[in-house]
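Architecture at a glance
Chain by chain, the residues:
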Amino acid sequence: MKKTLKMIIAATSALLLLTFAGCKTTEVTGSGIKGKSASVKSVKRQIADYQGATLGSEIPQWVKLVSEGQYGQKVLSKVMPDLEGRKVFVVTGRGDNLDFVKSWVNLVDIETEVSGALERVTGKVVTSKLEGSSSASGTESGSTKVSKALNDYRIALQDVRISGLEREAEYWALVEVLDNKKNVVDSYYEYYTVWSMDQKVFNVQLNKALDHIDEATTEAAELKRLVKEKLQNELSVASNSPEAVEEADSYIVYAE
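Turning our eyes to something else, we now look at the overall build of the protein chain. Along the protein chain, the regular secondary structure elements total eight helices and eight strands. The 256 residues of the protein chain split such that 47% are buried. When contacts within the protein chain are restricted to residue pairs at least 6 apart in sequence, long-range pairs at least 24 apart make up 77% of them. For the protein chain, the accessible surface area stands at approximately 12,700 Å², while carbon and sulfur atoms represent 50% of it.

Take a look at the structure:
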């Protein structure tokens, strides 16, 4: 019999990403979270069922970190030791049928999804930085300047070869959305896979690709530094759900 364990977890919209558990890693630190309750304005979300619920497993600490937008290897490797020296990528699926969602994630072309995430994040970094600089200096952002920079980075990133990716962890959860009267108004499955590759290999490929980017001006050099930093240390999820991608992207500070 399927055991339903109701859990309301303190979170904002980031709760939609708060459902991971390790499958490959042999050492995972628990968060101590199993059933604490909290309101999120007039809407509550609860995990009605999840991987490991029958055994009463607690949510791992790295799940909490991810829910806070901390995707970086330096942070996650502290509670997932197998990720030490690895570049981490997360691919998720969301839908009302668990088998369908699992199939989408498991059959996805991981290299293509990761490449798409690199390009998406870079595009937001470039746009945010250039428009922010123009605003600070009191000049109007030139669309031609932004478009050229976006195209230059898009072409450069095509040289990044994503290879040697290994699946590190997977997790599924059934999430219910409640109104202020505690009626279930929506429900969906979330399925996550965590992938990784050697960080040094990724860095070499990224540096090689970005060598083609002109950094003749201070602004161009600073933009290149920022892009490299975000792609090496921060990267949001790839997903079949635009909402999940938008939520994950919201944690990244694109301009500094």
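Its location among the elements puts Gly72 in the loop between α1 (61-67) and α2 (73-76). Under the relative-accessibility criterion, Gly72 is labelled buried at 14%. For the pair Gly72 and Glu234, spaced 162 residues apart in the sequence, the C-alpha separation amounts to 5.4 Å.

With that settled, consider the nonpolar core. Counting residues in hydrophobic clusters, the biggest one holds 39 residues, and the most contacted among them are Ile162, Leu165 and Val227. Of all the secondary structure elements, the ones that give two or more residues to this core are β5 (86-95), α3 (98-107), α4 (110-137), α5 (143-157), β6 (166-178), β7 (184-198), α6 (199-210) and α7 (218-233). Broken down by element, the residue count for this core peaks at seven residues, all from α4.

The side chains of a regular strand alternate, first on one face of the sheet and then on the other. Most of strand β3 (residues 44-50) sits out of view: six of its seven residues are buried. Pairing geometry for β3 and β6, over six bridges, is antiparallel. When the sheet's bridge partners are listed, Asp49 is paired in β6 with Leu174.

With that settled, consider the pairing of β5. With respect to burial, β5 is a largely interior element, ten of its ten residues being buried. Covered by surrounding structure in β5 are Arg86, Val88, Val90, Thr92 and Arg94 together with Lys87, Phe89, Val91, Gly93 and Gly95, the residues of both alternating faces. With two bridges connecting them, β5 and strand β8 (residues 238-239) associate as parallel partners. Paired with Thr92 across the bridge in β8 is Ser239.

Here the focus is the side chain of Arg86. Examined against the element boundaries, Arg86 turns out to sit in strand β5. Polar side-chain contacts of Arg86 include one of 3.0 Å to the side chain of Ser196.

Take the environment of Gly116 next. Here Gly116 is to be found in helix α4. Of the residues examined, Gly116 reaches a relative accessible area of 34% and is grouped as partly exposed. Linking Gly116 and Ala238, residues 122 residues apart in sequence, is a C-alpha distance of 7.9 Å.

The predicted coordinates should not be examined in detail at positions where pLDDT is low. Summing up the model confidence of the protein chain, the mean pLDDT is 75 and the portion of residues at 70 or higher is 73%. Element-level mean pLDDT values for the protein chain span from 35 in strand β1 (residues 7-8) up to 90 in α6. Taken together, the stretch residues 1-23 has pLDDT below 50 and engages in 81 contacts with residues farther than four places along the chain or on a different chain. Below pLDDT 50 for its whole length, residues 35-42 participates in 13 contacts with residues either more than four positions away or in separate chains.

Counting across every chain of the model gives eight salt bridges. Residue Asp152 pairs with Lys148 through a salt bridge whose shortest N-O separation is 2.9 Å. Note that Asp152 and Lys148 are positioned in helix α5 at a spacing of four residues, about one turn of the helix. A residue is classified by how much of its surface remains accessible, and Asp152, at 30% relative accessible area, is partly exposed. Look at Lys148 and you get exposed, because its relative accessible area is 53%. One salt bridge in this structure joins Glu229 and Arg225, with 2.9 Å as the shortest N-O distance. Of this pair, Glu229 and Arg225 both sit in helix α7, separated by four residues, roughly a single helical turn.

Scoring rules and cut-offs
Residues numbered from 1 in each chain as written. Predicted model: local features only at pLDDT ≥ 70, side-chain atom pairs only at ≥ 80, totals over all residues. Heavy atoms only, no water. Helix = DSSP H or I, 4+ residues; strand = E, 2+ residues; numbered from the N terminus. Buried < 20%, exposed > 50% of the residue type's maximum accessible area, 1.4 Å probe, protein only. Contact = heavy atoms within 4.5 Å. Areas by Shrake-Rupley, 256 points an atom, 1.4 Å probe, with all protein chains shown as cover. Core = buried A, V, L, I, M, F, W, Y, C linked by side-chain atoms within 4.5 Å. Pairing = 2+ DSSP bridges. Polar contact = N/O pair within 3.5 Å; in protein donor to acceptor, adjacent residues only side chain to side chain. pLDDT = per-residue confidence, 0-100. Salt bridge = Lys/Arg side-chain N within 4 Å of Asp/Glu carboxyl O.

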